[in-house]
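# Summary of the model geometry
Below are the chains, spelled out letter by letter.
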Amino acid sequence: MAVLPIIKLGHPLLRKAADPVPPEEILTEEFQRFVDDLIETMRAHDGLGLAANQVAVPRQVAVIESRANPRYPRAPEIPLQVFINPVFAFLSEEKVCGWEVCLSVDKLRGLVPRSARATVEAQDRRGKPFRIDASGFLAVVLQHELDHLQGKVFLDRMEDLTTLAHQKEFEEFWLQPQAMVG
Ligand code: NI
């Protein structure tokens with residue numbers, strides 16, 4: 001497995017919608033190796049999620065996983081899950097607001113409104129369709145990652161850019177218990 005370089009804000013691939021993965025490609029050795037690399041890269045950066053286009057591979061693939069780590073010692077547990085060609089089947093009108101950061105947006109974090117509940121339909125890494133009903137933290141992580149696959153970053157979802165903060169100023173003026181990264 002390999003840790004892949006993560007592209008940052010300003011790279012055009014981060015702002016383009018990723019292409020669907022054809023079903024016949026999913027079980028190939030090359031694609032399976034890529035999924036492993038994506039997981040390895042997420043873990044190497046203590047991310048809670050990572051989308052394929054963040055490593056300059058414009059494919060509809062995202063991985064999520066959350067466990068306590070040095071960066072987020074109190075992170076909620078989310079088991080490793082691979083999403084291929086994910087789409088939202090439902091997004092609640094009800095919103096929650098939380099602080100988000102992103103491996104492709106260095107140092108900045110901001111307050112982002114997201115749907116409180118979401119349903120995602122996708123294929124797993126074997127190509128098997130599944131559906132997940134998410135709320136709270138998981139729902140937010142999914143929205144952050146699926147946005148990446150459409151070429152969007154959390155900055156696009158912010159309603160109040162005055163909450164954009166660097167780490168030091170965030171800790172000094174804004175600190176709240178939860179923040180997420182994807
Ligand atoms: Ni992100």
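Residues numbered from 1 in each chain as written. Predicted model: local features only at pLDDT ≥ 70, side-chain atom pairs only at ≥ 80, totals over all residues. Heavy atoms only, no water.

## Here's the deal with the overall build of the protein chain
Helix and strand content of the protein chain: five helices and nine strands. In sequence order, the protein chain lays out its α and β elements as α-α-β-β-β-β-β-β-β-α-α-β-α-β. For 182 residues, the compact-globule estimate of 2.2 N^0.38 gives 16 Å, and the C-alpha radius of gyration of the protein chain, at 16 Å, lies within 12% of that figure. Here the C-alpha coordinates of the protein chain stretch approximately 50 × 35 × 30 Å along the principal axes. For the protein chain, with 182 residues in total, the buried portion stands at 48%. Across the protein chain, contacts joining residues at least 24 apart in sequence account for 67% of those joining residues at least 6 apart. Of the accessible surface of the protein chain, which amounts to about 9200 Å², a share of 54% is contributed by carbon and sulfur atoms. Between the centroid of the 21 positive side chains of the protein chain and the centroid of its 26 negative side chains there is a distance of 1 Å. (Helix = DSSP H or I, 4+ residues; strand = E, 2+ residues; numbered from the N terminus. Rg over C-alpha atoms; globule rule 2.2 N^0.38 Å. Buried < 20%, exposed > 50% of the residue type's maximum accessible area, 1.4 Å probe, protein only. Contact = heavy atoms within 4.5 Å. Areas by Shrake-Rupley, 256 points an atom, 1.4 Å probe, with all protein chains shown as cover. Lys, Arg positive; Asp, Glu negative; His and termini not counted. Charge placed at Lys NZ, Arg CZ, Asp CG, Glu CD.)

## Some points on the confidence of the model for the protein chain
When pLDDT is averaged along the protein chain, the result is 93; 96% of the residues meet or exceed 70. Taken element by element, the predicted model of the protein chain shows its lowest mean pLDDT in strand β9 (residues 179–181) (56) and its highest in strand β6 (residues 117–123) (98). (pLDDT = per-residue confidence, 0-100.)

## Considering the state of the cysteines
Counted according to the given criterion, the structure contains zero disulfides. Left unpaired, C97 is separated from the closest cysteine sulfur, that of C102, by 17 Å. Since its relative accessible area comes to 54%, C97 is described here as exposed. The exposure class assigned to C102 is buried, which follows from its relative accessible area of 4%. (Disulfide = S-S within 2.5 Å.)

## So, the pairing of β6
Taking burial as the measure, the seven residues of β6 include five buried ones, the bulk of the element. Of the strand pairs in this sheet, strand β3 (residues 78–91) and β6 are connected by five bridges, and their pairing is antiparallel. Its bridge partner being in β6, L91 is matched across the sheet by A118. Relative to strand β7 (residues 129–135), β6 runs antiparallel, the two sharing seven bridges. The partner of R117 across the bridge, within β7, is S135. (Pairing = 2+ DSSP bridges.)

## Topic: the nonpolar core
For soluble globular proteins, nonpolar side chains are generally found buried alongside one another. Membership of the largest hydrophobic core comes to 17 residues, with the highest contact counts inside it found for F31, L38, L50, V61, V63, V82 and I84. For this core, the secondary-structure elements that each account for two or more residues are α2 (29–44), β2 (61–66) and β3. The element best represented in this core is α2, accounting for six residues. Those residues within four positions of L50 in sequence are excluded, and the remaining contacts are I6, L38, T41, M42, V55, V61, A62, V63, L103 and E145. Ranked by size, the runner-up nonpolar core spans 14 residues in total, among them I64, I78, L138 and L146. (Core = buried A, V, L, I, M, F, W, Y, C linked by side-chain atoms within 4.5 Å.)

## Focus: unusual backbone geometry
In this structure, A56 takes a positive phi of about 65° despite not being glycine. We classify A56 as partly exposed; its relative accessible area is 32%. Its identity is not glycine, yet K107 carries a phi of approximately 70°, on the positive side. Mapped onto the fold, K107 is located in strand β5 (residues 105–115).

## Quick word on the pattern of salt bridges
According to the stated counting rule, one finds 13 salt bridges in the structure shown. Among the ionic pairs, R114 bridges to E100, the shortest N-O distance being 2.8 Å. With R114 in strand β5 and E100 in strand β4 (residues 95–102), this pair connects stretches of sequence that are 14 residues apart. Here R114 matches E100 in class, with each residue buried. (Salt bridge = Lys/Arg side-chain N within 4 Å of Asp/Glu carboxyl O.)

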